[in-house]
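Okay, here's what each chain looks like letter by letter:
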Amino acid sequence: MDEQPLVERLRPFDATIFTEITALAVRHRAVNLGQGAPGTPGPDEVLEAAVDAIRAGRNQYAPGWGVRPLREAIAAHQQRHHGLEYDPASEVVVTAGATEAITAAVLALCEPGDEVVALSPAYDSYAAACALAHARLVEVPLSPPAWRLDPERLRAAVTDRTRLLLVNTPHNPTGRVLDPDERAAVAAVAREHDLVVVTDEVYEHLWFDGHVHVPLAALPGMRERTLVVSSGGKTFSVTGWKVGWACGPRPLVHAVHAAKQWLSFSNATPQQYAVATGLDLPDTWFDGYRADHAQRRATMLDALDAHGLEATAPEGTYFVALDARQLGPAAARIAAGAADGPTDGPTAGAQAAAGDTADLDGLALCRALPAAHGVAAVPLQVFGSDPALRPWLRLAFCKPHDEIREGVARLAAVRDAA
Ligand code: PMP
């Protein structure tokens, strides 16, 4: 058999960074600030509803579109939180997490060679979805440290092959929430070029300090061209359930369903009933969820500050982006060691071996941190091709407070070990 049976276009996506870093974190019993897997249980009502659904025998195939109570709950949620109206019978489809909704949208809407324009750094499944569809991901860089969208860069990225705009806000991994000017700019480009927009809103309930998340679909002329994607796994801290959805005008949702049915056909039935229960929780629950994460964010920012590490307060999501050059020459030396080691990371070079932070390789550093300092983080450079991402790390704060503090202390110890 061929030694490398994986088709060439999928080879760059062989193992996701989350799989790799989490495996290292487990092996070295590290505090895992890498993967965005919540360290908190979901709401009791939601967990109980899943158990009840299993006991009630709701264990056979769900309809491909999703069980009716969930589709109704999704439509009611969109109306209550965002003022967006969707017909649960024809404008909502349930998917295996937001991931499947996005992949199905790209597969369903892109011909080979079509271009998908996305903000970069971009959640890593986007590029893989494009590879599956023989489409091309075109990045619009958000540059550190402000990570703002430059409308001119967005305009410049659109060509006559552009089929989709894929826009994630609140944004993983930078923690940005697109502001009214940025939202208006995206909408203007979409309307001018008559593009379909896929909005990844899995962090729709996680915004802070008045950086309110407003779906692009709520802007004039946008509902009719937008597929809104979100995830019950994210909102209810049950990421292992993989229950997500897409809402939009009937033809777009119909197209997503057409692709989705050949990916998974349908999704776990009891969890769909449970997510419906979650979506119907009162506003006080959603406010409490946001307040709880605001506290974890404060714990993360306070811990970084206490150790003299500077980071911009994220406007949304549960991630903080950190410039690891602040960890000093020791970080570069650790990274260089990892690059020479068995994990075979990209060579950090002689400069790094000498402890020069100017060219710090965040990927090599993240590969080394679990063994060297008992902490795991994710490198931003795997989310995009902009060289400016190279020294940046992503830290997740959807974790118990003591884990956040311990993880940051271990990270800071890198610098102090110099
Ligand atoms: N989009 C973004 C921006 C994400 O951060 C994630 C999860 N990390 C997903 C999509 C995937 O969501 P799901 O687990 O529902 O597939």
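Residues numbered from 1 in each chain as written. Predicted model: local features only at pLDDT ≥ 70, side-chain atom pairs only at ≥ 80, totals over all residues. Heavy atoms only, no water.

### Examining helix α5 (residues 125-132)
Threshold: Categorising residues by exposure relies on relative accessible area from a 1.4 Å probe, with only protein chains included: less than 20% of the type maximum marks a residue as buried, more than 50% marks it as exposed, and the intermediate range marks it as partly exposed. Secondary structure is summarised from DSSP: a helix means a run of H or I of at least four residues, a strand means a run of E of at least two, and numbering begins at the N terminus for each. In this description, contact between two residues means that some pair of their heavy atoms is separated by no more than 4.5 Å.
If you check which residues of α5 are buried, you get Ser125, Tyr126, Ala129, Cys130 and Ala131. For α5, the elements touching its buried residues are α4 (97-109), β3 (115-120), β4 (136-141), β5 (162-168) and β6 (196-200). Looking one or two places after α5, you find His134, whose phi comes out positive at around 60 degrees.

### So, the domain arrangement of the protein
Inclusion rule: As used throughout, domain bounds are those supplied by an automatic or database domain assignment. Joining two parts hides part of their accessible area as seen by a 1.4 Å probe, and the buried area is that hidden amount summed over both.
By the assigned domains, the protein splits into domain 1 (8-41 + 284-416) and domain 2 (44-281). Here the C-alpha centroids of domain 1 and domain 2 sit 26 Å apart. Listed per partner, the contact involves 35 residues of domain 1 and 41 residues of domain 2. Of the roughly 3,400 Å² buried between domain 1 and domain 2, counting both surfaces, carbon and sulfur atoms make up 64%.

### Comments concerning helix α10 (residues 269-279)
Most of α10 is tucked away: 10 of the 11 residues are buried. Residues of α10 that are buried include every one of Thr269, Pro270, Gln271, Gln272, Tyr273, Ala274, Val275, Ala276, Gly278 and Leu279, and no others. Buried residues belonging to α10 abut α2 (44-55), α3 (68-82), β2 (92-95), α8 (232-235), β8 (244-247) and α11 (283-306).

### Some remarks on the site of the ligand
As a reminder, the rule being used: Near residues are defined by distance, with any heavy atom within 4 Å of the molecule or strand qualifying the residue. Throughout this description, a polar contact denotes any pair of N or O atoms lying within 3.5 Å of each other; where both atoms belong to protein, one of them has to be capable of donating a hydrogen while the other can accept it, and for residues adjacent in sequence the pair is counted only when both atoms sit in side chains. Accessible surface is estimated by sampling points in the Shrake-Rupley manner with a 1.4 Å probe; for residues, cover comes only from the protein chains shown.
Neighbouring the ligand are the residues Gly97, Ala98, Thr99, Tyr123, Asn168, Asn172, Asp200, Val202, Tyr203, Ser231, Lys234 and Lys242. Lys234 places a side-chain nitrogen or oxygen 3.1 Å from a nitrogen atom of the ligand. When isolated, the ligand has an accessible area of 400 Å², and the protein chains bury 92% of it. When residues of the shell around the ligand are assigned to their parent elements, the largest contribution, three residues, is made by α4.

### Description of a nonpolar patch on the surface
Quick reminder of the rule: Surface patches are defined over residues having more than 30% relative accessible area and no salt bridge, joining like charges when they lie within 9 Å and nonpolar side chains (Val, Leu, Ile, Met, Phe, Trp, Tyr) when within 5 Å. For this analysis, a salt bridge means a side-chain nitrogen from Lys or Arg found within 4 Å of a carboxyl oxygen belonging to Asp or Glu.
On the surface, Leu107, Leu132 and Leu263 cluster together into a nonpolar patch covering about 220 Å² of accessible area. As for its position among the elements, Leu132 is in helix α5. Look at Leu132 and you get partly exposed, because its relative accessible area is 37%.

### Regarding the state of the cysteines
Note the threshold: Whenever a pair of cysteine sulfur atoms sits within 2.5 Å, that pair is classed as a disulfide.
If you walk through the whole model with that rule in mind, you get zero disulfides. The closest cysteine sulfur to the non-disulfide-bonded Cys130 is located on Cys110, 6.4 Å from its own sulfur. By relative accessible area, Cys130 is classed as buried at 1%. Unpaired in this structure, Cys398 has its nearest cysteine sulfur neighbour in Cys366, at a distance of 16 Å.

### Notes on the sheet that holds strand β9 (residues 319-323)
Test applied: Any two strands with at least two DSSP bridges between them are considered paired.
Here three strands make up an open sheet; going across it, the order is β9-β12-β11 and the pairing antiparallel. Every other strand in the sheet has two partners, leaving β9 and β11 (378-379) as the edge strands with one partner each. In this structure, β11 lies alongside strand β12 (residues 392-396), joined through two bridges in antiparallel fashion. In the sheet register, Val378 faces β12, and the bridge partner there is Arg394.

### A word on a negative patch on the surface
Filter applied, for reference: For the purpose of charge, His is not counted, nor are the chain termini; Lys and Arg are scored as positive and Asp and Glu as negative. Here the site of a charge means NZ on Lys, CZ on Arg, CG on Asp, or CD on Glu.
Residues Asp44, Glu45, Glu48 and Asp52 make up a contiguous surface patch of negative charge. Note that Asp52 resides in helix α2. Taking the relative accessible area as the measure of exposure, Asp52 reaches 48% and is therefore partly exposed.

### A few points about the sheet that holds β6
Heads up, the rule is: Lines fitted to the C-alpha atoms define the axes, with helices restricted to the stretch that makes contact. Angles between their N-to-C directions range from 0 to 180 degrees.
Taking strand neighbours across the sheet as the criterion, the seven strands line up as β2-β8-β7-β6-β5-β3-β4 in an open arrangement whose pairing is mixed. Bordering the open sheet on either side are β2 and β4, each of which pairs with just one other strand. Each strand of the sheet is rotated relative to its neighbour by a mean of 20 degrees, with strand direction disregarded. As defined by bridge partners, β2 adjoins β8 across four bridges and the pair is classed as antiparallel. Within the sheet, the bridge partner assigned to Val93 lies in β8 and is Ala246. Along the sheet face, α5 touches β3, β4, β5 and β6 and points at about 150 degrees away from the line of β4.

### Some thoughts on the side chain of His77
Relative to the elements of secondary structure, His77 occurs in helix α3. What makes His77 buried here is its relative accessible area of 2%. Polar side-chain contacts of His77 include one of 3.0 Å to the side chain of Gln78. Apart from residues no more than four positions distant in its own chain, His77 is found in contact with His82, Glu204, His205, Leu279 and Phe286.

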